[in-house]
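Residue-level listing of the chains:
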Amino acid sequence: MPYLAKILLYPVKSLDGVEVECARVLDSGALEHDREFAIFDERGRFVNGKRHAKIHLLRVSYSSQFKFLDKTISLKIPGIDSQQVFHLHEEQQALEATLSDFFEFPVTLKQNSLMGFPDDTDSPGPTVISTATLTEVASWFPGLSVDEMRRRIRANIEIDGVPAFWEDRLFREQGDLVSFRVGDVDFFGVKPCQRCIVPTRDSYLGEAYPNFQKIFVNHRQATLPKWVTSSRFNHFYRLSINTELPSSSAGKILQIGTKVEIIS
C-alpha cells in the first residue's frame with residue numbers, strides 16, 4: 001500500500017533540508033516553512049545552486065527537530081571550525097554580512113511566509129517522488145547513494161510501498177490534473193518536474209558528476225513506463241511531480257505513515 005514515508009522541508013531555499021514528522025498546508029498549497037526564506041543578490045536574483053555552485057559548501061541545521069518557531073539556524077562555513085548561530089529576524093543583518101563575505105558579493109535574506117519561494121509559482125505544492133525511484137536513479141550512477149540522490153533531487157514528499165516511477169501516474173495530458181490524497185489532504189498532480197543543474201553536482205562539495213545529465217536522460221528514457229503520458233516529456237531530464245492543492249486542504253496536516261491513494 002502506498003504510504004507517506006518522508007517529509008522534507010527546505011526552510012532556506014538552496015540550503016540543507018530537514019526531515020519532519022508532519023507539516024501544515026498553507027492557504028497557497030505550499031508546506032509551511034518550505035523555502036520560506038531565500039538569499040538574493042543586489043539585482044534581486046536568487047542566490048541558489050543554479051547560479052552559484054559554492055552554495056553547496058554551506059551546512060545548515062535547525063533547532064530542536066525543526067521547532068522552527070524560534071527562527072534560529074546554525075550555519076557552518078568552510079574554513080571556520082565552529083558553527084555560527086543566527087536568529088533569522090533579530091540577527092538578519094549579521095547573517096547577511098556573513099553570507100556576503102562567503103559569496104564575496106552583497107546578499108540579502110528575504111521571507112515569504114505565505115507561499116515560500118518555489119521554482120514553480122504556478123504549482124507551489126510539495127514535490128512528490130517515491131523511495132523506489134530514488135533507489136533506481138541512484139543505481140544509474142556508481143558511487144552515489146540513495147541519500148545523496150535524495151539531497152540532489154530535493155523533493156518534499158517521499159512515497160514508499162510502490163515500485164519505481166509510481167509517481168508518474170500523478171500527471172496526464174496538459175490541463176488534465178490527477179487527484180490524489182495523502183491521509184486527509186487532497187492534491188492535484190500537475191506535471192513531471194524539469195530538473196536543473198543542481199542534481200549534477202555533489203550536494204556537499206558542488207563538484208559535477210561526469211556526464212550526469214546525459215546518463216540520466218538515457219536511463220530515464222529507457223525506463224519510462226509504457227503507461228506514462230509521454231507527451232509531457234519534451235525531454236527526459238524530468239523527475240518528481242509538481243503539485244497544486246485545493247483550498248479545502250489549507251490548514252490540514254500531512255503526517256508520516258498515512259495512506260496515499262489516487263482518486264482519479
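Please read all numbers here as calculations on a predicted model, not as lab measurements. (Residues numbered from 1 in each chain as written. Predicted model: local features only at pLDDT ≥ 70, side-chain atom pairs only at ≥ 80, totals over all residues. Heavy atoms only, no water.)

S.K.: For this particular structure, what's the right way to read the sheet that holds strand E7 (residues 84-87)?
M.R.: Whenever strands of a sheet pair, they do so through backbone hydrogen bonds, lying parallel or antiparallel. Reading across the sheet, the three strands line up as E5-E6-E7 and stay open at both edges, with antiparallel pairing between neighbours. In the strand order of this sheet, the two ends are held by strand E5 (59-62) and E7, each with one partner. Recorded for the sheet is a direction-independent mean angle of 30° between the axes of neighbouring strands. Here four bridges tie E5 to strand E6 (residues 72-76), and the two strands are oriented antiparallel to one another. (Pairing = 2+ DSSP bridges. Helix = DSSP H or I, 4+ residues; strand = E, 2+ residues; numbered from the N terminus. Axes fitted to C-alpha atoms, helices over the stretch in contact; angles between N-to-C directions.)

S.K.: Which parts of the structure should I look at to understand the nonpolar core?
M.R.: Note that soluble globular proteins tend to have their nonpolar side chains buried in a common cluster. Counting 47 residues, the largest nonpolar core has Leu58 and Leu254 as the members making the most contacts within it. Take this core: its biggest share by element is four residues, from helix H1 (residues 92-103). If sequence neighbours within four positions are ignored, leucine 58 has contacts with Leu15, Asp16, Leu75, Lys76, Ile77, Pro78, Leu99, Phe102 and Phe103. Within the second largest apolar cluster, 16 residues are counted, among which are Leu134, Ala138, Trp140 and Ile153. (Core = buried A, V, L, I, M, F, W, Y, C linked by side-chain atoms within 4.5 Å. Buried < 20%, exposed > 50% of the residue type's maximum accessible area, 1.4 Å probe, protein only. Contact = heavy atoms within 4.5 Å.)

S.K.: It is not clear to me how the pattern of salt bridges should be interpreted in this structure. Could you clarify?
M.R.: Should the charged atoms of two oppositely charged side chains come close, the side chains can pair. Following the criterion strictly, the structure yields 17 salt bridges and no others. A salt bridge links arginine 59 to aspartate 16; its shortest N-O distance comes to 2.9 Å. Of this pair, arginine 59 sits in strand E5 while aspartate 16 is found in the loop between strand E1 (3-9) and strand E2 (18-20), placing the two residues 43 residues apart along the sequence. Taking relative accessible area as the criterion, aspartate 16 reaches 10% and is therefore assigned buried. We note a salt bridge from lysine 71 to glutamate 36, for which the minimum N-O separation is 3.9 Å. One end of the pair, lysine 71, is in the loop between E5 and E6; the other, glutamate 36, is in the loop between strand E3 (22-24) and strand E4 (37-41), with 35 residues separating them in the sequence. With relative accessibility at 10%, the residue lysine 71 sits in the buried group. For glutamate 36, a relative accessible area of 4% corresponds to the buried category. Here the salt bridges share partners, and the residues they tie into one network are Lys13, Lys50 and Asp119. (Salt bridge = Lys/Arg side-chain N within 4 Å of Asp/Glu carboxyl O.)

S.K.: Explanation requested: the environment of aspartate 168 in the structure shown.
M.R.: By secondary structure assignment, the location of aspartate 168 is in the loop between strand E10 (157-160) and strand E11 (178-182). For aspartate 168, a relative accessible area of 2% gives the class buried.

S.K.: How should helix H2 (residues 131-139) be read in this particular structure?
M.R.: Counting along an α-helix, one turn takes 3.6 residues, and residues three or four places apart therefore face a common direction. Of the residues making up H2, those classed as buried are Thr131, Thr133, Leu134, Val137 and Ala138. Down the axis of H2, the buried set is contained in an arc of 160°. They therefore lie on one face. Those residues of H2 that are buried are in contact with E1, strand E9 (128-130), helix H3 (146-153), E10, helix H4 (212-223) and strand E13 (238-244). (Arc of directions from axis to C-beta.)

S.K.: Explain the packing of aromatic side chains here, please?
M.R.: Each aromatic ring pair is specified by the distance between its two centres and by the angle formed by the two planes. Counted according to the given criterion, the structure contains 15 aromatic pairs. Between phenylalanine 40 and phenylalanine 117, the aromatic rings sit 5.5 Å apart at their centres with planes inclined by 70°, giving edge-to-face as the arrangement. Separated by 77 residues along the polypeptide, phenylalanine 40 in strand E4 and phenylalanine 117 in the loop between strand E8 (107-111) and E9 bring together distant segments of the chain. Take phenylalanine 40 and phenylalanine 117: they sit in the same class, and that class is buried. In this structure an aromatic cluster arises from ring pairing among Trp140, Phe141, Phe165, Tyr209, Phe212, Phe216 and Tyr237. Its end group placed over the ring of phenylalanine 46, lysine 13 keeps NZ or CZ at 5.0 Å from the ring centre. Above the plane of the ring of phenylalanine 102 lies lysine 54, whose end atom (NZ or CZ) is 4.7 Å from the centre. (Phe/Tyr/Trp six-rings, centres within 6.5 Å; stacked < 30°, edge-to-face > 60°. Lys NZ or Arg CZ within 6 Å of the ring centre and 35° of its normal.)

S.K.: When you look at unusual backbone geometry in this model, what are you seeing that I'm missing?
M.R.: A positive phi angle, close to 70°, is found at glutamate 104, a residue other than glycine. For glutamate 104, the position within the fold is in the loop between H1 and E8. The exposure class assigned to glutamate 104 is exposed, which follows from its relative accessible area of 68%. In this structure, arginine 154 is a non-glycine residue whose phi angle is positive, near 60°.

In short, geometric facts, not functional conclusions.
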